[in-house]
Amino acid sequence: MVRIFFIFLFAITIEIASAHHSNDYHFDRNVDVTVRGTVKMFRFINPHSRLLVDVLGVNGEIVTWDCEMAAANGLQRRGWTEDVFTPGDEIVIHGFAARRNETECYFDVAQLSDGRNLSMSDSFNVDASEQLQSARTTLVNTDIPNFNHVWQRARGDAGRPPAGGPRLGGPNRNAWVLSEAGRLALDSYDSVFDDPALECSPVSIRRLWGNNDLTEIEQTADLVIIRHEWMDAVREVDLTLDQHPESLEPRELGYSIGWYEGPTLVIDTVGYEAGMLEQHPGLPHSEQLHTLERLTLTEDGDAFEITIMMEDALYFTDQLTASRSFVVANATPQDYNCTHPELGH
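Residues numbered from 1 in each chain as written. Predicted model: local features only at pLDDT ≥ 70, side-chain atom pairs only at ≥ 80, totals over all residues. Heavy atoms only, no water.

## Looking at the overall build of the protein
Thinking step 1. Broken down by element type, the protein carries three helices and 19 strands.
Thinking step 2. A burial count over the protein gives 48% of its 345 residues as buried.
Thinking step 3. For the protein, the proportion of contacts with a sequence separation of at least 24, taken over those separated by at least 6, is 57%.
Thinking step 4. As displayed, the protein has an accessible area near 17100 Å², and 48% of this comes from carbon and sulfur atoms. (Helix = DSSP H or I, 4+ residues; strand = E, 2+ residues; numbered from the N terminus. Buried < 20%, exposed > 50% of the residue type's maximum accessible area, 1.4 Å probe, protein only. Contact = heavy atoms within 4.5 Å. Areas by Shrake-Rupley, 256 points an atom, 1.4 Å probe, with all protein chains shown as cover.)

## Re the sheet that holds strand β12 (residues 234–238)
Thinking step 1. Pairing is mixed around the closed barrel formed by nine strands, whose spatial order is β9-β10-β11-β12-β13-β14-β17-β18-β19. Taking the axes of each pair of neighbouring strands and ignoring which way they run, one obtains an average angle of 30° across the sheet.
Thinking step 2. Bridging between strand β9 (residues 149–153) and strand β19 (residues 320–328) involves three bridges; their strand directions are antiparallel. Residue pairing across strands places Gln152 opposite Val327, the latter belonging to β19. (Pairing = 2+ DSSP bridges. Axes fitted to C-alpha atoms, helices over the stretch in contact; angles between N-to-C directions.)

## A closer look at the confidence of the model for the protein
Thinking step 1. With 85% of its residues at a pLDDT of 70 or more, the protein shows a mean pLDDT of 87.
Thinking step 2. Under a pLDDT of 50 for its full length, residues 1–22 has, in the predicted model, 63 contacts with residues more than four places off or in other chains.
Thinking step 3. Within the model, the stretch residues 128–135 combines pLDDT values under 50 with 13 contacts to residues more than four positions away or in other chains. (pLDDT = per-residue confidence, 0-100.)

## Describing the pairing of β19
Thinking step 1. Pairing analysis gives eight bridges linking strand β18 (residues 303–312) to β19, with the strands arranged antiparallel. Bridged to Phe304 within β19 is Phe326.

## A short note on the packing of aromatic side chains
Thinking step 1. Applying the stated criterion to the full structure yields 13 aromatic pairs.
Thinking step 2. Considering the side-chain rings of Trp80 and Phe124, the 5.5 Å spacing of their centres and the 85° angle between planes classify their relative orientation as edge-to-face. With Trp80 in the loop between α1 (72–76) and β6 (90–98) and Phe124 in the loop between β8 (117–119) and β9, the pair connects residues that are 44 residues apart, well separated along the chain.
Thinking step 3. Cluster of aromatic residues (ring-pair linked, three or more members): Phe42, Phe44, Trp80, Phe85, Phe107 and Phe124. (Phe/Tyr/Trp six-rings, centres within 6.5 Å; stacked < 30°, edge-to-face > 60°.)

## With respect to the side chain of Gln219
Thinking step 1. Residue placement: Gln219 occurs in strand β10 (residues 215–219).
Thinking step 2. Taking relative accessible area as the criterion, Gln219 reaches 8% and is therefore assigned buried.
Thinking step 3. Within the structure, Gln219 has its side chain in polar contact with the backbone nitrogen of Phe147 (distance 2.6 Å).
Thinking step 4. Polar contacts involving the side chain of Gln219 include one to the side chain of Tyr260, which spans 2.8 Å. (Polar contact = N/O pair within 3.5 Å; in protein donor to acceptor, adjacent residues only side chain to side chain.)

## What about the pattern of salt bridges?
Thinking step 1. Tallying each qualifying case throughout the model produces eleven salt bridges.
Thinking step 2. The partner of Asp28 in a salt bridge is Arg99, with the nearest N and O atoms 3.9 Å apart. Taken together, the positions of Asp28 in strand β3 (residues 27–43) and Arg99 in the loop between β6 and β7 (104–112) put the pair 71 residues apart, joining distant regions of the chain.
Thinking step 3. What you see here is one network of salt bridges that share partners, running through Arg50, Asp66, Glu68 and Glu104. (Salt bridge = Lys/Arg side-chain N within 4 Å of Asp/Glu carboxyl O.)

## Some remarks on the environment of Gly79
Thinking step 1. Summarising the element assignment, Gly79 is placed in the loop between α1 and β6.
Thinking step 2. A relative accessible area of 17% places Gly79 in the buried class.
Thinking step 3. Considering only alpha carbons, one finds Gly79 and Ser123, 44 residues apart in sequence, at a separation of 5.9 Å.

## Remarks on the state of the cysteines
Thinking step 1. Tallying each qualifying case throughout the model produces two disulfides.
Thinking step 2. Residue pairing for Cys200: its cysteine sulfur links by disulfide to Cys338, the two sulfurs lying 2.0 Å apart. A torsion of -75° about the S-S bond marks the disulfide between Cys200 and Cys338 as left-handed. Linking Cys200 in the loop between α2 (180–187) and α3 (205–210) with Cys338 in the segment after β19, this pair joins segments that are 138 residues apart in sequence.
Thinking step 3. Accessibility expressed as a relative area gives 22% for Cys200, which makes it partly exposed.
Thinking step 4. In the protein, the bonded cysteines, taken in the order they occur along the sequence, pair up as 1-2, 3-4. (Disulfide = S-S within 2.5 Å.)

Here it is in structure tokens:
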């Protein structure tokens with residue numbers, strides 16, 4: 001089945017086909033979109049850059065299409081700049097349709113006015129002198145593992161989700177753990193419109209360790225400070241306490257205490273606000289969530305594996321675990337400054 005709409009000078013073609021991208025909860029990968037028009041603006045922002053294209057409508061009016069792209073920070077590390085697209089240039093974008101807005105799309109590949117094709121997987125030449133590298137800090141106490149560095153997800157990490165990510169309407173692989181109260185919370189959650197990331201929330205510790213942005217760890221005698229590039233989230237792990245204080249005021253990422261066990265940093269966190277461990281398809285947790293993270297450094301100090309245990313006496317009937325692998329990154333985290341102009345904030 002193919003649906004085609006012709007608009008005088010420029011055509012917007014929408015056809016049912018097989019798409020091959022993620023973001024299925026916000027974009028329909030089964031509906032391909034072609035947008036022909038002129039570049040209005042390139043918003044080089046996080047969590048998604050956005051390319052605005054003016055299209056001439058049936059009655060001569062200008063219709064602005066808003067095509068979502070990858071985060072500016074990730075694109076910048078591959079040589080992209082805010083000058084990749086020139087306002088006023090003709091462009092043809094191939095992508096797929098949004099679920100919330102009929103004049104929004106997800107960018108796949110573009111044909112530029114000079115005849116070049118450009119996709120988000122493309123990289124540009126980057127001056128080596130501009131590639132800032134983060135130096136490891138030497139610890140005074142050499143009896144503890146040295147995590148003082150910038151880290152990134154390892155390629156081929158077995159903890160990565162299946163190719164393409166979760167599909168709208170597909171199975172919820174973690175729903176089995178939910179209690180009756182947990183299922184009621186899941187039933188009230190709309191994964192398309194209630195996604196916490198749409199409000200620039202870091203969502204959860206599980207989510208923070210699960211993305212491809214950089215993470216910087218700083219160790220002091222009393223604290224471990226974890227700075228996640230994604231959503232500018234910062235966590236502090238108190239190394240001076242052996243148990244959590246009573247009467248904690250709930251907050252999004254909870255309260256963490258920690259200690260060392262040989263090459264492993266252990267982080268114990270309670271005091272969460274109720275929220276979502278996973279946005280898609282949704283995994284709710286209550287204020288009774290308890291997480292235990294174990295970061296184990298390799299012998300050479302250039303990689304670590306993290307395992308995350310999650311339990312919730314109200315919403316879960318059993319424990320959940322997840323694992324991730326990280327390696328040293330020769331890069332410097334950038335401010336994220338999350339903004340969603342397509343949502344008005």
